[in-house]
Amino acid sequence: MRVLVVEDEEELGQMIADGLRAEGMTADLAGDGAKALEMAATVDYDVLVLDRDLPMVHGDAVCRALNIARYPARILMLTAACGLNDIVEGLGQGADDYLAKPFSYLELVARLRALGRRGPGNTPTVLERRGLRVDTVRRLAERDGRLLRLTPREFGVLEALMGADGGIVSPSELLDLVWDGELDPASGVVKVTVHQLRRKLGDPALIETVPGFGYQL
């Protein structure tokens, strides 16, 4: 999952970004609203962590602009205000979720993963990368025109890796996305499924293991 953290408090923004990277996510950082819009124009993020009170361009304006442009990312809005009216107003700008400062880091990660599972507003039905073609509606996968005979779990892992668009997907994220978080992370099922998927994809190998973080395609 690729996340853009938009936070003008430099220390807080860096802490959030570093923490998300440690969770196996790809996290970029913008310090103001104008920079956020500039970065979003060149990168398709899955989720934005968007501070509401931003310099240059206010967080509400960033949210409205992205929604008008039909930008596919989900938006989690952060703010120091926690009144009901503030929450309603923030969601009214097009945000998908709302978290008041100070917040629990574990809650932030849980909410981001929940938003990531919902997928973007305009999810492509066909994913293509490095000779692979995945039809998410017909549930078919091909490599260089060769049909791949995958189990539902193998297809789910491949779909998650393709959807990350080069980003790292952690084993815990795969458990959430493919197994609905029902299995113990220590079970080893993700490792086994990735091994089977690699074998079916053939050579040259496409799925890379990033030690301590997860998998990347």
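Everything below is about the structure shown above.
The rules behind each value
Residues numbered from 1 in each chain as written. Predicted model: local features only at pLDDT ≥ 70, side-chain atom pairs only at ≥ 80, totals over all residues. Heavy atoms only, no water. Helix = DSSP H or I, 4+ residues; strand = E, 2+ residues; numbered from the N terminus. Buried < 20%, exposed > 50% of the residue type's maximum accessible area, 1.4 Å probe, protein only. Contact = heavy atoms within 4.5 Å. Areas by Shrake-Rupley, 256 points an atom, 1.4 Å probe, with all protein chains shown as cover. Expected span 1.5 Å × (residues − 1). Pairing = 2+ DSSP bridges. Axes fitted to C-alpha atoms, helices over the stretch in contact; angles between N-to-C directions. Polar contact = N/O pair within 3.5 Å; in protein donor to acceptor, adjacent residues only side chain to side chain. Core = buried A, V, L, I, M, F, W, Y, C linked by side-chain atoms within 4.5 Å.

Now for the overall build of the chain. Each helix and strand counted, the chain has eight helices and twelve strands in total. Relative to its full complement of 217 residues, the chain shows a buried share of 45%. If you take every contact in the chain between residues at least 6 apart in sequence, the share linking residues at least 24 apart comes to 58%. Entry remark: accessible area of the chain is about 10900 Å², with carbon and sulfur atoms responsible for 52%.

With that settled, consider helix α1 (residues 10-22). When the terminal C-alpha atoms of α1 are compared, their 18 Å separation across 13 residues agrees well with the 18 Å that a helix rising 1.5 Å per residue should span. The first or second residue beyond α1 is Gly 24, which carries a positive phi of 95°.

The next subject is the sheet that holds strand β2 (residues 26-30). Strand order in the open sheet formed by five strands is β2-β1-β3-β4-β5, with parallel pairing between adjacent strands. The two strands at the open ends of the sheet, each matched to only one other strand, are β2 and β5 (97-100). For this sheet the average axis-to-axis angle between neighbouring strands, irrespective of direction, equals 20°. Of the strand pairs in this sheet, strand β1 (residues 2-6) and β2 are connected by five bridges, and their pairing is parallel.

Bringing the environment of Leu 140 into the picture now. Along the chain, Leu 140 turns up in strand β8 (residues 140-143). Residues Leu 140 and Leu 150, ten residues apart in the sequence, show an inter-C-alpha distance of 8.5 Å. Beyond its immediate stretch of four places on either side in the chain, Leu 140 contacts Arg 133, Val 134, Asp 135, Leu 147 and Phe 155.

Quick look at the side chain of Glu 7 now. Counting through the fold element by element, Glu 7 comes out in the loop between β1 and α1. Polar contacts involving the side chain of Glu 7 include one to the side chain of Lys 101, which spans 3.0 Å. Excluding anything up to four places from it in sequence, Glu 7 contacts Leu 12, Gly 13, Ala 30, Gly 31, Asp 51, Leu 54, Leu 78 and Lys 101.

The next subject is the side chain of Arg 52. As for its placement among the helices and strands, Arg 52 is situated in the loop between β3 (47-51) and α3 (59-68). Look at Arg 52 and you get buried, because its relative accessible area is 6%. At a separation of 2.8 Å, a polar atom in the side chain of Arg 52 contacts the side chain of Asp 60.

Turning next to the nonpolar core. Residues Leu 132, Val 157, Leu 158 and Ile 207 are the most contacted members of the largest nonpolar core, which totals 26 residues. Contributing elements (two or more residues each) for this core: β7 (132-135), α6 (152-163), α7 (171-178) and α8 (189-201). Here this core takes six residues from α6, the largest share from any one element. If near-sequence neighbours (up to four positions away) are discounted, Leu 132 is found in contact with Leu 127, Glu 142, Arg 143, Leu 148, Leu 158, Met 162, Leu 201, Leu 206 and Leu 217. Counting residues in each nonpolar core, the second largest holds 20 residues, with Leu 50, Val 62, Ile 75 and Met 77 among its members.

The four strands are arranged β6-β7-β8-β9 in an open sheet whose pairing can be described as antiparallel. On the outer flanks of this sheet lie β6 (126-129) and β9 (146-147), each paired with one strand and no other. In the sheet, β8 pairs with β9 via two bridges, with the strands oriented antiparallel. The partner of Glu 142 across the bridge, within β9, is Leu 147. Strands in contact with α6 are β6, β7 and β8; relative to β7, the strand with the most contacts, it is inclined by about 110°.

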